[in-house]
Amino acid sequence: YPPERIRNFSIIAHIDHGKSTLADRLLELTGVISKTGKNKQVLDKLKVERERGITVKAQSASMFYEHNGQKYLINLIDTPGHVDFSYEVSRSLAACQGTILLVDAAQGIQAQTVANFYLAFGEGLEVIPILNKVDLPTAEPERTAKQIESAFEIEANTVLHVSAKSGLGIDHVLPSVIEKIPPPNGSIDKPFKALLFDTWYDKYVGVISLMAIKDGSVKKGDRIVSMYSNTKYEVAEVGIMHPEPMATTSLQVGQVGYITCNMRSVSEAHVGDTFYKEKEPVEALPGFVPAKSMVFSGVFPIDADEFDRLDESIQKLTLNDSSVSVHKETSAALGQGWRLGFLGTLHMDVFRQRLEEEYNANVLITAPTVPYQVKYRDGSTTFIRTPADFPGAGTMQDFVECTMEPYVSATLIFPEQYLGPMLDLCTTHRGEIQNHTFIDESRVMVKCRLPMADIVTDFFDKLKSRSQGFGSFDYEEGGYDTSDLVKMEVLLNGEPVDALAAVMHRSNVVNTGREMARRLKEVIRRQLFDINIQTAANGKVVARETVKQLRKNVTARCYGGDVTRKMKLLNKQKEGKKRMKKFGKVELPQEAFLTIMAKS
Ligand code: GDP
Ligand code: MG
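These numbers come from a predicted model, not from an experiment.

Attention now goes to the nonpolar core. Core analysis: the biggest nonpolar cluster contains 48 residues, and L412, F459 and F473 have the highest contact counts within it. The element best represented in this core is helix α11 (residues 452-466), accounting for six residues. If we skip the residues at most four places from it in the chain, L412 touches M422, C426, V444, M445, V446, F459, L463, S472 and F473. Ranked by size, the runner-up nonpolar core spans 37 residues in total, among them V114, L125, V127 and W200.

Take a look at the structure:
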């Protein structure tokens, strides 16, 4: 296939607008998968993706399609829609020349539709808008097309109408891709040059790299070089995703396909790296800005003996997800563990679920925190990723010049009647409203600057509940600002527990301090002695609570009674222990570490 008969495109959309379903229909249409009706989101291969119905990792598939008597090779790169994974979105865009912007005709334009459009537009890609779910009785295709016109300056009457579910209008999609999206440019006669844009680990074949071939060609046995590390590799296999890996004799200019070579670990495969052939040097491709961790959390084995096994599991899992950062951490309360950095809380949640399901790990996770900065009077600056490391009152007074926290630029879209509650939500989360505009007669778009820390906790849930599910939200990094930050400590029977410490704005100290103590009291079980809970900031106690001692043995009332009931109770207690860590004599359940995420 010469480049003029290749098209590389992706589908971008707000979450749940139907990207994966549309991908299924296109794969069926081109015979890549059979039309049994059993294929559901075939590109969502991870168990978490199937369960949650969201796409986490971008996947690709190649299709063959005939249009006007010509055969085309079409490469589809599915992308995740969630804001936490926008890094995955931008890297899949770099491998494409165009993209389908899919919009749910019943829901209309949402915050991620806007964010994804600008990502693609910024990359200079051709954008094909398509309205999906026109089969729904609640669909308003005309209105949604008008929104597209006013938000993106794309003529409403050029927008395709489809139902990815019923298949209606699907046969117009690929012709439109072929006609509107330009073929990849590049030349078969130039030296081989490829962009590595995704990589994962397969236990049988090792590291698999997805590459977009920008010039020349590559085949088995070729010796290729990584521009990033200057390491040489021998190509073991090349092929296309169909949607499973399918070996081919070569990969040529314009194609998107996989390469396996003698790479030992995915840490050698740098997303955004340029590859070329030995002795045929080329100029580097632009590459990517590395993913920045914005949410950090401590992960500790429940059973210290599991440390080594867990270490191996975390390494394997991060091989598949290079956007997770990993550092060893030791906590006085929880022992040895790791501090992991994620792109957002959903990313963190998905990682935890994969660790537990795919690697059978039993872990305790501390509350998520954003990276704070502390500027000292001597001119030095440190990043604080673990709240326990945040300076206490004494150090603050003697050495600290100022403290800073990360902000985001947020976009909110919602029906007009929620304007009051939405503006209120932003202000109560220390947000600064920048502007609000109407994207049609009754939909409002608000731009607002918010502290990242407030988004990590409960902002999104509140946005959903206060807009009855109609509000949507997306954000991008907005740099650091000075902020009056304070460390909140938690003491159990007078002893500070480092893993429960939190950093917060001074204005939240009283409320959050009380809330944390109250919630800890709820989740810490009674034991054979009283447990005193205190929260303290700046050396001053903010709140106190007591968990009264337990008087009776759990099994006491079963003496002489029903043995199965007794076994059941004991087993129940054992179950409950699974996610406990002993601190001194006090047992702390997993929930205790998340009390900072209070939803009030
Ligand atoms: P993604 O998050 O964008 O990948 O969305 P999915 O493809 O996972 O679809 C989200 C939900 O919308 C699923 O329950 C689909 O079955 C449903 N869906 C997708 N396309 C259509 C459509 O054209 N009509 C209707 N009624 N439902 C659809
Ligand atoms: Mg999906």
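Structure's up, so let's keep going.
Here we have four strands laid out as an open sheet, ordered β17-β18-β16-β19, and antiparallel in their pairing. A strand with exactly one partner marks an edge of an open sheet, and here the two such strands are β17 (325-331) and β19 (363-365). For this sheet, the mean angle separating the axes of adjacent strands, direction not counted, is 30 degrees. Pairing between strand β16 (residues 295-301) and β19: three bridges, direction antiparallel. Residue F300 lies in a different strand from β19, and its bridge partner there is L364. The strands touched by helix α7 (residues 307-319) are β16, β17, β18 (335-342) and β19; relative to β18, the strand with the most contacts, the crossing angle is about 10 degrees.

Turning our attention to the environment of R385. Looking at where R385 falls in the secondary structure, it is placed in the loop between β21 (381-384) and α9 (393-399). For R385, a relative accessible area of 33% gives the class partly exposed. Taking C-alpha positions, R385 is 6.3 Å from F296, a pair spaced 89 residues apart along the chain. Sequence-distant contacts of R385, that is, excluding residues within four places in its chain, are made with F296, R339 and T369.

Another aspect to go through is the environment of Y201. Counting through the fold element by element, Y201 comes out in strand β7 (residues 193-202). Distance from Y201 to S442, taken between C-alpha atoms, is 48 Å for residues 241 residues apart in sequence.

Definitions and limits used
Residues numbered from 1 in each chain as written. Chains lettered and ligands numbered in written order. Predicted model: local features only at pLDDT ≥ 70, side-chain atom pairs only at ≥ 80, totals over all residues. Heavy atoms only, no water. Core = buried A, V, L, I, M, F, W, Y, C linked by side-chain atoms within 4.5 Å. Buried < 20%, exposed > 50% of the residue type's maximum accessible area, 1.4 Å probe, protein only. Helix = DSSP H or I, 4+ residues; strand = E, 2+ residues; numbered from the N terminus. Contact = heavy atoms within 4.5 Å. Pairing = 2+ DSSP bridges. Axes fitted to C-alpha atoms, helices over the stretch in contact; angles between N-to-C directions.

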